[in-house]
Amino acid sequence: MNFLQLSILAALPLALLPIIIHLINQNRHRTVKWAAMMFLLDAKKLTKGIARLRQILILAMRVFAVLALIFAAARPLASGWLALGAGGKSDTVLVLLDRSPSMEQQNLETGKSKRFTALEKLADVLEKTARSSRIVLIESASLEQIELSSPADLVDLPMSAPTDTAADIPALLQAALDYIATDQSGRTDIWLASDLRAADWQPGSGRWDTLKGAFTDLEGISFYLLNYPEVESENYTIAVENLLRRRSPEGMELVMDLVIRRQSSRVSPETLPVEFTINGARTAQEFTINGSELRLQGHTVSLGNSESTGWGRIDLPADGNPRDNTFFFVFDEAPVLKTVIVSDDQQTAAAIKAAASAPIDGSRTYAADILPTSRQAEVPWDDTALLFWQAPIPEKGSPESGLLEQFVESGRSLVFLPVDNNQNENDFLGFRWIPQTDSPSAGPYEIGWWRTDSGLLENTQNGNPLPLGMTKIFQIREFEGETQSFLKLKDGRSVIARHINKLPGNLYIWGTLPKSSFSSIASDGVAFFAMIHRALQQGGNFLSNAQMRSAGGSALPDNVQWTSASVRDSDEDHVNPSLSAGAFQSTDKWLAINRPEGEDDFRTINEEAIEDLFGGLDYRVIQDSVNNRSSLASEIWRIFLVLMALALIIEAALCLPPRNDEEPAVVI
Amino acid sequence: MAKTDSNNRDFLDPKILGRLMGLPLDARHAMMGSVSGRHRSPVRGSSLEFAEYREYVPGDDTRRLDWRTWGRSDRYYIKEFEADTNLRLCLIIDTSGSMAYGEPGQTRLDYARQMSGTLAYLAANQGDAIGVFPAGEHGLHHEIPARRGPLHLGVALDRIAELEAGGNTDLVASIHEAAEKIPQRAFVVIISDLFFQPEPLKEALQHLRFRKHDIAMFHLLDRSEIEFDFDRPTKFVDLEGGAPLLADPTLIGKKYREAVAEYLAKVSAICTQTGTDYHRVTMDQPYDQTLARFLLGRNPRTKKTAANQG
C-alpha cells in the first residue's frame, strides 16, 4: 500500500496500547476477602465463553480503531488492486501506451477517450506514487522512449496524442525490454494501457514466448495492465477495399468495396447516412446495416468526365469513436500490373506467367515477363508489381541485394522460389534457404494446415476456403528466418510463408514449385492463381501514382514534399502526418493514409489469454472504463476514519452494562 | 479454648438490652422445660389456663375431681389445666471462615455475636435456659448445653465472646448433630451466612422439626454480597481457604446477581417448607431493630405490628 505520509506508520506499535492498558488494568486489581465464593464460581463458569469473546472483541475494536487512525493519518492511496498489490517505490516507471484508433472510443458525456482517460489516471497515480521515480513513455506509434520530467506531461505530450496506427503490443513490450536492458533501470514498474484488441496484442505471435522468457529472467519487474476492453457506446466503422477507377459509358467512375462494421449490443437494422467527398464535392447516401457488418461490393461513385485523379473521403455520423468514422482514398489511372519472373526453370516460370498475365479484372492491364537469371540486371524495378526470384539469394551488400531490398521497401511484392541444388548460404533481411545436404526425400506430403484468416491463402470474400485439401506436395525446400507461415505440412514444416519485417512491401517464400515434380499447386490451379493475384494486387497498390497505405512511421515517404489534400480537423496540427489518416498530394502522386484494417476488428482478448501471455510474471490486471471516474490511487483516509468510528461504536456497544430490568430483583 | 475476660462483653449494649427487655421471647410451639415458666408445655399442669375434661381413672388425685360436673352428670371427671414451662434457647452459631467477612469489629461474626448475646440475655432474664452450639470446622465444638441461671448466662456469654471464625464449616452436619444432642422441644436459633448449596439444608431443618424443635434462622448477608457493585477487576480471596479468584465484576456481575437471587429463593422456600422462622438480615441494619422485629413477630399479640415493621 502506498502512503503519502509514510513516516506516520512508525506509530503503528501504538495499536498495542489498548492491550497494554488492559494488561496493566488487570494487574492493578484490588484484593478483597470474600465469603460468597460459590456465587462467584457459578457466575464465572456461566460467563466464561461469552465474556471472554466479548472482552476479546472489545480489545480488537480498540486496536482496530487505533490502527485505523494511524492509517488515516498516513494518508493511504489505494483502489482495490493498488491496496493489495503495489508496494514500495520503483526506480523506473515505463508507461507503454496503445495509441491505436480503437483507444479513441469515448464517453459521450465527457468526451474523454480511453487513451485520454488512461493517461489522466496514470498521470494522477504516478504523481502520487512515483514522483521520485524515472518515468519513461514508450508509445505504440513510434516505439521511441521519451523520458518525462513530470507525470503530468503524459497528458500534454504530442507523443501521446491519438493516431491511426496499429499498436503492436509485443513490439511495445520488446521496446520496454530493450530499454530495461540498455539503461539498467533497476526495479521497474511497467504500466501498459490498452483496449486489449486481439489485432494489436497478436496473442498467437511467437514473439510472446521470447518476451516472456526475457522478462522472467529479469528481477524487480512488475506489470500493471490498465485495460479498457469495454465498449462504452455504439460504434460504426467505415473502410474501403479494392478501389478502382474505371471508365464507364457515363464517364469515369470509382468502383469500391465498402465495408461498414457495427459494434453494438443492438441487432436491429439501422440506417446510416454516409457522406462521400470527392475532390471536395460532397454527396450523401443512406445505407441500412443489418447485423454487425455491411459489405457493399462494387459500389460505384461517378466522377464525371473531368475527374481523372484526386482524393476522396467517406464519413460516418459521429458515434462512440470518431477516429474510425472516416476513410480516405485517392485515385488515379490504374498502372499495368506487371509480373517479372527471374528463373531458369522454364516449367515453373511458364506456370507463373500464365497465371499472372490472366486478367481477373477486365479494366486492368496485366503483363508478365520471364527473365533468365543471367539477365536479372534487366528487371524493370520501377514498373514491376510482383517479382518472382528463382535465383540464388544475392550476397549481402551486393547491388542486386540492395535493389531487392529497395523493391520491398517501395511496397512491392517479392516471392523467393527455391533453386535446385542450392548450396548458397546468403541471407536476405534475415531469411535464407537451408542448404540442401542430401537429395530431397520424395513425398507426397500431406498438407496439415493453412492460414485462412489472412495472407495469400485466406478465404475468399464469401468465406469459402481455397481448395487446397487435395493438393499434393512432393518436394519442399526448407528455409529459416522470422516468418509468418501460411501453409504447413502435417509434420509442421512450413511451405509458404511471409517474412516478418518492417518494410511496407511483402516478401513471400514459397518452399515448393508449381511444377509436377514438386507439387500439384499449379495443376490444381485455384489456390495458385489466387496467391499470385493477391501478391500482385498488393504490389500493384504501391505501383500506382495513387496509393493507399496504413498509418505508420514511414507511411508518408520523406523523399517527396507532400501537401495535405484532406485531413480530419483534429489532425491538422499533427506533428507526424504519417501517423494520422488523410489524403496527401505531391507533384504527380497521391497518397491516402488510413488506420490498418485490424483496427476495425472489434475482438478483444480475455483474461485467460492475458494469463497465458503473462503467467509467471509479476502482473496485475486493472479493468477500467471511460465511465469510471474514480482515480487509480485515490486517497482513502476517509474510509479509515469511518472504519475507526465504526470500531468505536461497536466497542461502546460491547461495553454497555446489561440492562438492570433483565436481572431478577433480590428482596432483602 | 482461649480465656476471655468475663467483662469483655462489648457485644452487649445495655441500652439495647433495656429497650428489648420489655419484649418477651416466645416460642411458637410447646416447649419442654425443666421448671415452670411462661411458655406452653405439651403436658398438663397447674396453670390457670383450662385444657380439657378427662374421665376419672383410679389413681387420679381426687383433689382434681370437678365436683360441679359430678353434680350435674353423676360422673367423675378430672379437670385438667395447661402446664407453663420454661424454654431452652439453643443458639447454633456458624463460625466458618466466611463469618469473618466485614470490617474488623463489624464482621458477620460480630453481628452474630451481638444478636446471640442479646437473645441469650433476654431469654435468661425471663427464666429460660440457654445453650450455645458453635458450628466449627469439625462440627459442634465446645458447645454449652442449655441451662438456667445467671451463672450459666455468664458461661454462655463467655462462650459467645470467645467465638472465632475460621475454616470450612459443614453447618448441615452441625445442625444434624445438634438435633440429636438437644433434648426435644427446644427453641433452636441458627445464625449463619448459609454459604453452601441450600438443598441439604432442608433435610437438616426437617431433622430439627422431627425432634419437635421450634426453629428460627437468621441469614446474615452483607449488602455487597447481594448487589456485587464492584467496578474493576478484583482478586477475591476465599475466607474459607479456597483458591483465590481474579474476576472482572463488569463481566460476571449479572450472572452473579442471578445466582444470588436463585439461591435466596431456594433458601426461602426451604425455610417455608420446614416451618422455619426465616429472617434475612443485611448487616447494615441495626441488630436491635432486627431483634425487635423478630421478638414482636413471635408474640401472638404483637405479630401484626412486627409484620408491619418488617
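Relevant structure appears above.
All of these numbers come straight from a predicted model, not from anything done at the bench.

Run through the overall build of chain A, naming residues and quoting values.
Looking only at helices and strands, chain A features 14 helices and 31 strands. The burial tally for chain A puts 49% of its 668 residues in the buried class. A sequence separation of at least 24 residues applies to 75% of the contacts in chain A between residues at least 6 apart.

Which residues make up unusual backbone geometry, and what values go with them?
Residue and element names in this part refer to chain B. In the Ramachandran plot, aspartate 74 falls in the positive-phi region, its phi being about 60 degrees despite a non-glycine side chain. Here aspartate 74 lies in the loop between α2 (67-73) and β2 (77-85). For aspartate 74, a relative accessible area of 59% translates into the label exposed. One non-glycine residue, phenylalanine 228, lies in the positive phi region at around 50 degrees. Within the fold, phenylalanine 228 resides in the loop between α7 (223-227) and β9 (234-238).

Give me the pairing of strand β9 (residues 235-248) of chain A: which residues, what numbers.
Residue and element names in this part refer to chain A. Burial runs high along β9: 11 of the 14 residues are buried. Pairing analysis gives 12 bridges linking β9 to strand β10 (residues 251-263), with the strands arranged antiparallel. Its bridge partner lying in β10, serine 248 is registered against glycine 251. Between β9 and the antiparallel strand that follows it, β10, lie two residues.

Report on a negative patch on the surface, specifying residues and quantitative values.
Where like charges cluster on the molecular surface, the negative patch consists of Glu607(A), Glu608(A), Glu611(A) and Asp612(A). With respect to the helices and strands, the residue Asp612(A) is situated in helix α13 (residues 607-614).

Kindly report on the interface of chain A and chain B, identifying the contributing residues and their values.
Every contact between the two is made by 30 residues of chain A and, on the other side, 41 residues of chain B. Summed over both sides, the interface of chain A with chain B buries roughly 3500 Å², with 71% coming from carbon and sulfur. Where chain A packs against chain B, one counts zero salt bridges. Seen at the junction of chain A and chain B, the total is five residue pairs in polar contact (both at pLDDT 80 or more). Contributing elements (two or more residues each) for the side of chain A that touches chain B: β2 (30-34) and α2 (37-73) of chain A. Considering each element in turn, the side of chain A that touches chain B owes the most residues, 13 residues, to α2(A). Bridge count for β2(A) against β9(B) is five bridges, and the pairing is parallel.

Report on the pattern of salt bridges, specifying residues and quantitative values.
Under the criterion given, the structure shown has 39 salt bridges over all chains. Between Glu293(A) and Arg295(A) there is a salt bridge, with the nearest N and O atoms lying 3.3 Å from each other.

Outline the side chain of Thr277(A), listing residues and values.
Residues and elements named next belong to chain A. Counting through the fold element by element, threonine 277 comes out in strand β11 (residues 270-278). Residue threonine 277 is classed as buried on the basis of its relative accessible area of 4%. Sequence-distant contacts of threonine 277, defined by excluding residues within four places in its chain, comprise Arg282, Trp311, Gly312, Arg313 and Asp315.

If you had to explain the sheet that holds strand β24 (residues 494-499) of chain A to someone new, which residues and values would you point to?
All names here are of chain A. Across the sheet, eight strands lie side by side as β17-β16-β18-β19-β25-β24-β23-β21; this open sheet has mixed pairing. Looking at which strands have only one partner, the edges of the open sheet turn out to be β17 (366-371) and β21 (447-450). Across the sheet, the mean angle from the axis of one strand to that of its neighbour is 20 degrees, orientation sign disregarded. Pairing analysis gives three bridges linking β21 to strand β23 (residues 483-489), with the strands arranged antiparallel. For isoleucine 447, the partnering residue across the bridge sits in β23 and is leucine 489. Contacts from helix α9 (residues 346-357) reach β16 (337-343), β17 and β18 (384-390) within the one sheet, and its direction differs from that of β17 by about 165 degrees.

Cut-offs and rules
Position numbers for residues start from 1 in each chain and track the written sequence from start to end. Whichever chain is written first is A, and whichever ligand is written first is 1; the rest continue in order. Where local features are concerned, this predicted model is filtered to residues with pLDDT of at least 70; where side-chain atom pairs are given and counted, the filter is 80 or more; whole-chain, interface and lining totals use all residues. Where side-chain values are given, they derive from all heavy atoms of the structure, hydrogens and water being excluded. Counting from the N terminus, the helices are the DSSP runs of H or I reaching at least four residues and the strands are the DSSP runs of E reaching at least two. Buried residues are those whose accessible area, probed at 1.4 Å on protein chains only, stays under 20% of the maximum for their type, while exposed residues exceed 50% and partly exposed ones sit between those limits. Whether two residues touch is decided by their heavy atoms; if any such pair falls within 4.5 Å, the residues are in contact. Strand pairing is assigned whenever DSSP detects at least two bridges linking the two strands. Only residues whose relative accessible area exceeds 30% and that form no salt bridge enter a patch; like-charged residues are grouped when within 9 Å of one another, and nonpolar side chains (Val, Leu, Ile, Met, Phe, Trp, Tyr) when within 5 Å. Per-residue accessibility takes into account occlusion by the displayed protein chains alone, with areas from the Shrake-Rupley method and a 1.4 Å probe. For this document, the term salt bridge refers to a Lys or Arg side-chain nitrogen within 4 Å of an Asp or Glu carboxyl oxygen. Counted charges follow a simple rule, with Lys and Arg positive, Asp and Glu negative, and His plus the chain ends left uncounted. By convention, the point assigned to a charge is CZ for Arg, NZ for Lys, CD for Glu and CG for Asp. Take the accessible area each of two parts loses on contact, using a 1.4 Å probe, and add the two losses: that sum is the buried area. Counting of polar contacts relies on pairs of N or O atoms within 3.5 Å, with two restrictions inside protein: one atom must be capable of donating a hydrogen and the other of accepting it, and residues adjacent in sequence are counted only when both atoms are side-chain atoms. To get an axis, fit a line to the C-alpha atoms, keeping to the stretch in contact for a helix; angles then go from 0 to 180 degrees between the N-to-C directions.

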